[in-house]
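An overview of the molecular structure
In case you want the letters, here they are:
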Amino acid sequence: MNTTKRALIVGSGIAGMAAALSLHRAGWAATIVEKSPRRRTGGYFIALYTEGMDAARTLGVFDQLHTRTPRGTRTWDVDAFGNRTRSVGLVEARPNAAAVLRGDVEEALWANLGDIPVRFGLSPESVDERPDGVEVRLRDGHSGAESTERFDLVVGADGVRSRVRSLVFGGHEKFLRPLNAIACAFQFDEQTPYVAPADGSIFAEPGRALWVFPLDDRPPTALFTYRTKDEDGQFTRPPKQVIRDVFRDVAHADLVRHALDQLDRAPEMSFDSVHQVELPSWHTDRVVLVGDAAWCMTVYAGLGASSALMGGQQLGETIERHPGDVAAALVAWEASMRPFVREGQRAGRVKQQIFVPANGFRARLRRRMMQRSGRKFALRDAQAALATA
Ligand SMILES: Cc1cc2nc3c(=O)[nH]c(=O)nc-3n(C[C@H](O)[C@H](O)[C@H](O)COP(=O)(O)OP(=O)(O)OC[C@H]3O[C@@H](n4cnc5c(N)ncnc54)[C@H](O)[C@@H]3O)c2cc1C
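Quick caveat, the model's predicted, so the values are computed rather than measured.

Concerning helix α7 (residues 239–247)
- Looking at α7, one finds that the buried residues are Val-242, Ile-243 and Phe-247. Seen from one end, α7 has its buried residues packed into an arc of 120°, which puts them on one side.
- On its buried face, α7 sits against β12 (176–187), β14 (208–213), β15 (221–227), α8 (254–265) and β16 (269–277).

Regarding the UniProt feature "domain: FAD-binding" (unreviewed entry) in the protein chain
- According to UniProt, the positions carrying the feature "domain: FAD-binding" (unreviewed entry) are residues 7–316.
- What you have in residues 7–316 is 27% helix and 33% strand, and the ends, taken at the C-alpha atoms, are 10 Å apart.

Observations regarding the packing of α7 against α8
- Across the interface, α7 lies against α8 with an axial gap of 10 Å and an inter-helix angle of 170°. Classified by the angle between their axes, α7 and α8 sit roughly antiparallel to one another. Contacts between α7 and α8 involve Lys-240, Ile-243, Arg-244 and Phe-247 from the first element and Val-256, Leu-260, Asp-261, Leu-263 and Asp-264 from the second.
- Of the residues belonging to the contact of α7 with α8, the class tally is 5 nonpolar, no polar and 4 charged.

Side note on the site of the ligand
- The local shell around the ligand holds 34 residues, among which Glu-34, Arg-40, Ala-47, Asp-292 and Ala-305 are the closest.
- Between the ligand and Ile-14 there is a distance of 3.1 Å, counted from an oxygen atom to a backbone nitrogen or oxygen.
- Contacts to the ligand include Ala-305, whose backbone N or O atom sits 2.8 Å from an oxygen atom.
- About the coverage of the ligand: the protein hides 89% of its 1000 Å² of free accessible area.
- Looking at the shell around the ligand, the elements with two or more residues in it are α1 (14–25), β2 (29–34), β3 (45–48), β8 (122–130) and α10 (304–321).
- Tallied by class, residues from the shell around the ligand come to 17 nonpolar, 10 polar and 7 charged.

Quick notes on unusual backbone geometry
- One non-glycine residue, Asn-180, lies in the positive phi region at around 55°.
- Locating Asn-180 in the fold gives a position in strand β12.
- The exposure class of Asn-180 is partly exposed, given its relative accessible area of 28%.

Reading the values: rules and limits
- Residues numbered from 1 in each chain as written.
- Predicted model: local features only at pLDDT ≥ 70, side-chain atom pairs only at ≥ 80, totals over all residues.
- Heavy atoms only, no water.
- Buried < 20%, exposed > 50% of the residue type's maximum accessible area, 1.4 Å probe, protein only.
- Helix = DSSP H or I, 4+ residues; strand = E, 2+ residues; numbered from the N terminus.
- Arc of directions from axis to C-beta.
- Contact = heavy atoms within 4.5 Å.
- UniProt positions renumbered as here; feature names shortened; annotations may be inferred.
- Axes fitted to C-alpha atoms, helices over the stretch in contact; angles between N-to-C directions.
- Parallel < 35°, antiparallel > 145°, perpendicular 65-115°, else oblique.
- Nonpolar A, V, L, I, M, F, W, Y, C, P; charged D, E, K, R; others polar.
- Near = heavy atom within 4 Å.
- Polar contact = N/O pair within 3.5 Å; in protein donor to acceptor, adjacent residues only side chain to side chain.
- Areas by Shrake-Rupley, 256 points an atom, 1.4 Å probe, with all protein chains shown as cover.

If you want it as structure tokens, here you go:
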């Protein structure tokens, strides 16, 4: 009789592939199902921090991780008249951080999946947990065909609007905490004119902001973000038009104008309202949520990818340490992840003011803070230049 335990991982993003790899290493038969008909690539800028890189090393995927941190990168606050002051970007903010695209992390994980099957176009229709296993009804989004399979563990790694979460734990309204903001990320197809290729730029005003993230070997990616109490209302018109309207009166600023033109040309982008996910517990005895599905911290925290890698990597490792007792392993895994996630979510809420200040007072406070930090970074650069002169 085959006694190998079977895990179903729903979602082939960073959390899903990290969980599949770690479970595979723990001796489980892992299967990934992905709603999309094919694998996505590319994506937006991500600052990867040490916690994520350590998890990537433990998973054995770090050597395949393509990083794109520009040498000597600096970040500037830019105002509507083109005045620049030294500021601090996500990569400079923490030591040993790396600039990557989301697709770079996914590519490194994908390259290491080996014989772990990934079945595209499938989504769970029902998840029925029983004492001896979990029955999952899967639906093919294209043909409509359904099949039911039994697993020993189901991992919901299906993102902020997780289907597994809504089937097992409850509706989105129970767990999504809106930050009353929209984030729109996309790739440029050329460098920003008049800006050194290694330099990042931030245009941050009360209620709206544009961040341009430099990358080493390709044009930057950008993030438009703005605050709104009417999140639903932002989805009634084409996103490009919505963004243009929000930034229309500052479109004379070079940085904003160029980014709006780039957005018009962008073949794809992500445009979404910003929510944190908060659950009292991320698991039952045999169903567990990982990554954004469990604890989305938002773009503002800069820790979502790192925590998805960590959470996925530690899941298999913890299960291996609790042979024959998945339920106990899930309790231990959650206990070890909670402090990091709690801090990351707190950071996400606080750093929203840095990304997109709520009002004039916050904007002035932010500017002073960024200038002070920016001066420190400028001084450090000057000292380094003198030391090597
Ligand atoms: C603009 C932006 C910038 C960011 N910048 C940073 C940063 O600088 N640093 C950082 O660490 N993090 C950053 N993040 C956060 C980071 O990208 C996410 O936290 C991370 O990618 C989450 O990975 P995940 O695998 O949990 O979820 P996702 O990436 O959402 O993957 C979920 C997967 O599940 C699939 N799926 C969904 N529903 C179903 C279903 N019903 N059935 C089957 N499959 C399904 C999806 O198609 C997808 O493939 C940023 C996020 C955004 C939006």
